[in-house]
Amino acid sequence: MLWDYLQNGLVNGSTITIMALGFALVYNTFRVFHIAYAGLFTLAAYTFLFLTANFHLSVAVAMILSIIPVALLSWLIDFVVYNPVSRKGNDPNLLMIASVGVFIVITNLLGLVFGNQPRIIPESLRTSWMDIRLMIFFIQTLLIIVFAIFLKSTVTGLMLRAVRDEPRLSMNLGIPAARMRSLVFILSGTLVAVAGSLQCLDVGVNPYSGLPLFISAFIAMVIGGVGRYEGAVLGGFLLGLIQSFTEYFTGSQWVVVITFVVLLVFLFIRPEGIIPEKQRGV
Amino acid sequence: MMAYAFHIGIVLMVYIILVVSSHLLINVSRLISLGQAAFFGIGAYITALVAMGLGLSLIPALLAVMLVNASVAAMLAWPVMKLKGDYFILATLAFQFIVFSILYNWTAVTGGSLGVSGIPAPEILPGVVVSGLPAFFAMTLIITVIVAFLFYKLQYSYFGLLVKAQRDSEPAMKAAGRDTQSTRVYIFVISGAFIGVASYLYATYMSYIHPAGFNLEASIFILLAVFVGGTEKLRGAVMGAALIVLLPEFLRFARIPEHMAGHVNQIIFGLALIVLVIFKSKSLKPK
């Protein structure tokens with residue numbers, strides 16, 4: 001019984017972590033409060049549903065194909081909304097308001113097309129040679145590891161971190177800023193596409209299913225430590241486990257309350273998170 | 001038809017009070033709160049409590065609701081106001097979710113998902129009940145005008161000047177010896193208290209309240225209404241409220257099928273927000 005909840009916590013933790021990494025990538029690099037990200041998650045889930053239910057594609061193919069529209073839209077949102085607004089040197093809160101607008105548009109377009117009822121993928125696709133939740137956990141953990149290696153050990157990953165830490169200096173050193181910007185949004189779209197597809201495979205989707213996970217992901221980032229990707233991973237798994245055990249001890253209706261109480265405790269006692277951002281020497 | 005006009009008018013004025021109460025907080029001092037609907041909800045449930053349980057008449061009930069809302073806002077404000085930018089938004093979001101969850105799940109006190117029904121119409125004096133739409137409309141109009149007038153006065157008062165000054169340069173105000181933290185707390189408390197007025201009118205008008213009316217979406221819509229106005233002027237915010245309330249009605253007349261109208265309505269709002277931020281961001285920029 002307890003084992004089930006532990007397993008649940010790890011699976012949810014991996015989903016939250018993937019979401020948190022994709023969000024942190026945008027947030028750490030450009031300080032954009034990317035709420036539309038929750039809409040991208042739902043778009044991925046519906047794309048996955050559409051491909052499996054209407055074209056009877058296999059889970060793996062549908063997951064990979066669903067990355068394309070999501071990554072593209074992620075890039076487009078930046079190109080049309082965030083980039084022009086932030087270039088004018090506006091209050092960053094404005095970007096958040098614009099992002100809320102994008103989120104509302106995406107959510108309601110999906111609601112118009114697919115209806116408000118929760119949908120699940122055909123039962124025949126849910127049978128596989130291993131437990132589906134275990135598979136989700138492994139795919140997502142693998143993706144987290146690949147992402148970590150990419151950031152730490154490749155030149156492109158290094159460039160991304162350079163843009164995050166020293167945006168002006170890195171431009172002077174010849175790092176292509178515009179291309180890095182596109183890359184960040186495409187990568188973040190890819191991460192959320194995988195999380196969305198797998199979530200749809202697991203529990204199905206409705207037009208509003210992105211927001212609760214997005215909020216969990218953001219909270220995971222804050223309690224783990226903003227500015228550090230390790231923080232997002234630690235926070236993601238920690239929050240997944242906390243939510244799962246809350247459900248075990250008190251029932252599912254109090255999960256949201258406990259999640260936010262954890263957030264408030266961190267905001268007031270340790271706002272820098274578990275792993276604080278490195279302070280650079282002067 | 002008259003009944004319909006009165007109905008829209010009352011709903012519009014409830015929204016105007018919500019927006020006007022949030023204007024100083026969100027538009028003037030740029031503290032973006034995603035928890036305004038939580039105050040709306042707390043006020044509505046307190047209204048149900050004092051009107052049904054204690055049988056208070058209009059003025060004592062209004063004062064009780066405002067007092068409770070102000071105390072909740074004060075308790076929240078002291079820790080939350082220390083947070084900056086995104087963290088402030090996040091803390092108000094947390095407050096919104098916690099309040100909603102409590103309203104929804106604490107069934108013994110709030111009725112949970114059944115809501116609370118049978119909230120009586122307000123009594124102006126003991127025994128004098130406001131009955132019928134025109135009377136309720138008139139009462140709402142008077143209260144709305146008073147609230148809007150108070151906020152207009154407040155914005156151009158000495159206090160309003162302090163708020164603007166510390167938004168533009170907090171270090172300067174601190175250097176001048178002002179306690180900027182307290183000023184922010186006052187704004188938050190005033191905003192919460194006057195949202196209670198909207199709650200009272202809403203709960204006694206509808207006579208039925210449900211947690212779903214006070215969810216995150218409601219908070220976002222209050223925020224949007226405040227923003228769509230787009231300037232520091234109070235009348236911009238009032239226009240935002242009008243847009244939020246009237247657009248769904250226009251869509252109904254445009255014969256958009258019932259099941260699509262909600263989505264179309266929200267898509268228009270979303271697009272309006274994006275366009276507003278992209279093209280009109282100059283007017284939203286802090287001067």
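Note that the structure is predicted; figures quoted are calculated from it, not measured.

1. Some words on the overall build of chain B
Regarding its fold elements, chain B presents 12 helices and 4 strands. Computed over its C-alpha atoms, the radius of gyration of chain B comes to 19 Å, within 12% of the 19 Å expected for a compact globule of 287 residues. Each principal axis of the C-alpha atoms in chain B carries an extent, and together these give about 55 × 45 × 35 Å. When each of the 287 residues of chain B is scored for burial, the buried share is 45%.

2. Let's talk about the overall build of chain A
What chain A contains, in helices and strands, is 11 helices and 0 strands. Along chain A, from the amino end to the carboxyl end, the secondary structure elements read α-α-α-α-α-α-α-α-α-α-α. Its C-alpha atoms give chain A a radius of gyration of 19 Å, within 12% of the compact-globule value 19 Å for 282 residues. Principal-axis analysis of the C-alpha atoms places the extent of chain A at approximately 55 × 40 × 35 Å. Relative to its 282 residues, chain A shows a buried fraction of 49%. Sequence separation of 24 or more characterises 78% of the internal contacts of chain A that already satisfy a separation of 6 or more.

3. Brief notes about the packing of helix α5 (residues 132-153) of chain A against helix α6 (residues 155-165) of chain A
Residues and elements named next belong to chain A. Two numbers describe how α5 lies on α6: the axes approach to 5 Å, and their chain directions differ by 75°. As summarised for this structure, α5 and α6 are arranged roughly perpendicular, according to the angle between their axes. Facing α5, whose interface residues are F150, L151, K152 and S153, α6 presents G157, L160 and R161. Considered class by class, the residues forming the contact of α5 with α6 number 3 nonpolar, 2 polar and 2 charged.

4. Here's the deal with the interface of chain B and chain A
In many analyses, interface size is given as the accessible surface area lost on bringing the parts together. The interface is formed by 30 residues belonging to chain B together with 31 residues belonging to chain A. Mapped by element, the contributors of at least two residues to the side of chain B that touches chain A are α4 (86-105), α10 (216-229) and α12 (258-284) of chain B. Among the elements that line the side of chain B that touches chain A, the one with the most residues is α12(B), at 13 residues. The residue makeup of the side of chain B that touches chain A, split by class, is 21 nonpolar, 6 polar and 3 charged.

5. What about the nonpolar core?
Counting 185 residues, the largest nonpolar core has M19(A), F41(A) and V19(B) as the members making the most contacts within it. Top element by residues in this core is helix α9 (residues 180-206) of chain B. It accounts for 13 residues. Setting aside residues no more than four positions away along its own chain, F41(A) makes contact with M19(A), V192(A), A195(A), G196(A), G210(A), L213(A) and F214(A).

6. Concerning unusual backbone geometry
All names here are of chain A. With a phi close to 55°, R31 is a non-glycine residue in the positive phi region. Counting through the fold element by element, R31 comes out in the loop between α1 (2-30) and α2 (36-55). On the basis of neighbour count, R31 is assigned to the partly exposed category, with 14 C-beta atoms found within 10 Å.

7. Considerations on the packing of helix α1 (residues 2-28) of chain B against α9(B)
All names here are of chain B. Remark: α1 packs on α9, axes separated minimally by 8 Å, with the N-to-C direction vectors making an angle of 170°. Comparing their axes, α9 and α1 come out roughly antiparallel. Where α1 abuts α9, its residues I10, V14, I17, L18, S21, S22, L24 and L25 lie against I187, F188, S191, F194, I195, V197, A198, L201, Y202 and Y205. In terms of residue class, the contact of α1 with α9 is made up of 15 nonpolar, 3 polar and no charged.

8. Describing helix α10 (residues 229-250) of chain A
An α-helical segment advances 3.6 residues per turn. Residues three or four places apart therefore align on the same side. Its 22 residues give α10(A) an end-to-end C-alpha distance of 31 Å, which sits within 8% of 32 Å, the value for a rise of 1.5 Å per residue. A positive backbone phi angle near 95° is found at G251(A), which sits one or two residues after α10(A).

9. A short note on the environment of W75(A)
All names here are of chain A. Of note, W75 is situated in helix α3 (residues 59-87). The exposure class assigned to W75 is partly exposed, which follows from the 18 C-beta atoms found within 10 Å. Along the chain, W75 and L143 lie 68 residues apart, while their C-alpha atoms are 20 Å from each other. Here W75 is in contact with S182, F185, I186 and G189, once residues within four sequence places are set aside.

10. Observations concerning the confidence of the model for chain A
With 97% of its residues at a pLDDT of 70 or more, chain A has an overall mean of 89. Across chain A, α2(A) holds the top mean pLDDT of 94, while helix α7 (residues 167-172) of chain A sits lowest at 84.

11. Re the confidence of the model for chain B
Residue and element names in this part refer to chain B. For chain B, mean pLDDT is 86; residues scoring 70 or higher make up 97% of the total. A low-confidence stretch, residues 283-287 stays under pLDDT 50, and its non-local contacts, those more than four residues away or across chains, total 11 contacts. This complex was scored by the predictor with a pTM of 0.85 and an ipTM of 0.83.

12. Some remarks on the environment of Q96(B)
All names here are of chain B. Among the secondary structure elements, Q96 is positioned in helix α4. Sequence-wise, Q96 and V245 are 149 residues apart; in three dimensions their C-alpha atoms are separated by 22 Å. When sequence neighbours within four positions are dropped, the list of residues in contact with Q96 reads L34, G35, A37, A38, L216 and S219.

13. Some words on the environment of V184(A)
Residue and element names in this part refer to chain A. Inspection of the secondary structure puts V184 in helix α8 (residues 177-203). Accessibility expressed as a C-beta count within 10 Å gives 23 for V184, which makes it buried. The residues touching V184, leaving out its near neighbours within four places in the chain, are L25, V26, T29 and L160.

Reading guide: rules and limits
Residues numbered from 1 in each chain as written. Chains lettered and ligands numbered in written order. Predicted model: local features only at pLDDT ≥ 70, side-chain atom pairs only at ≥ 80, totals over all residues. Helix = DSSP H or I, 4+ residues; strand = E, 2+ residues; numbered from the N terminus. Rg over C-alpha atoms; globule rule 2.2 N^0.38 Å. Buried ≥ 20, exposed ≤ 12 C-beta atoms within 10 Å, placed from the backbone. Contact = placed C-beta atoms within 7 Å. Axes fitted to C-alpha atoms, helices over the stretch in contact; angles between N-to-C directions. Parallel < 35°, antiparallel > 145°, perpendicular 65-115°, else oblique. Nonpolar A, V, L, I, M, F, W, Y, C, P; charged D, E, K, R; others polar. Core = buried A, V, L, I, M, F, W, Y, C linked by C-beta atoms within 7 Å. Expected span 1.5 Å × (residues − 1). pLDDT = per-residue confidence, 0-100.

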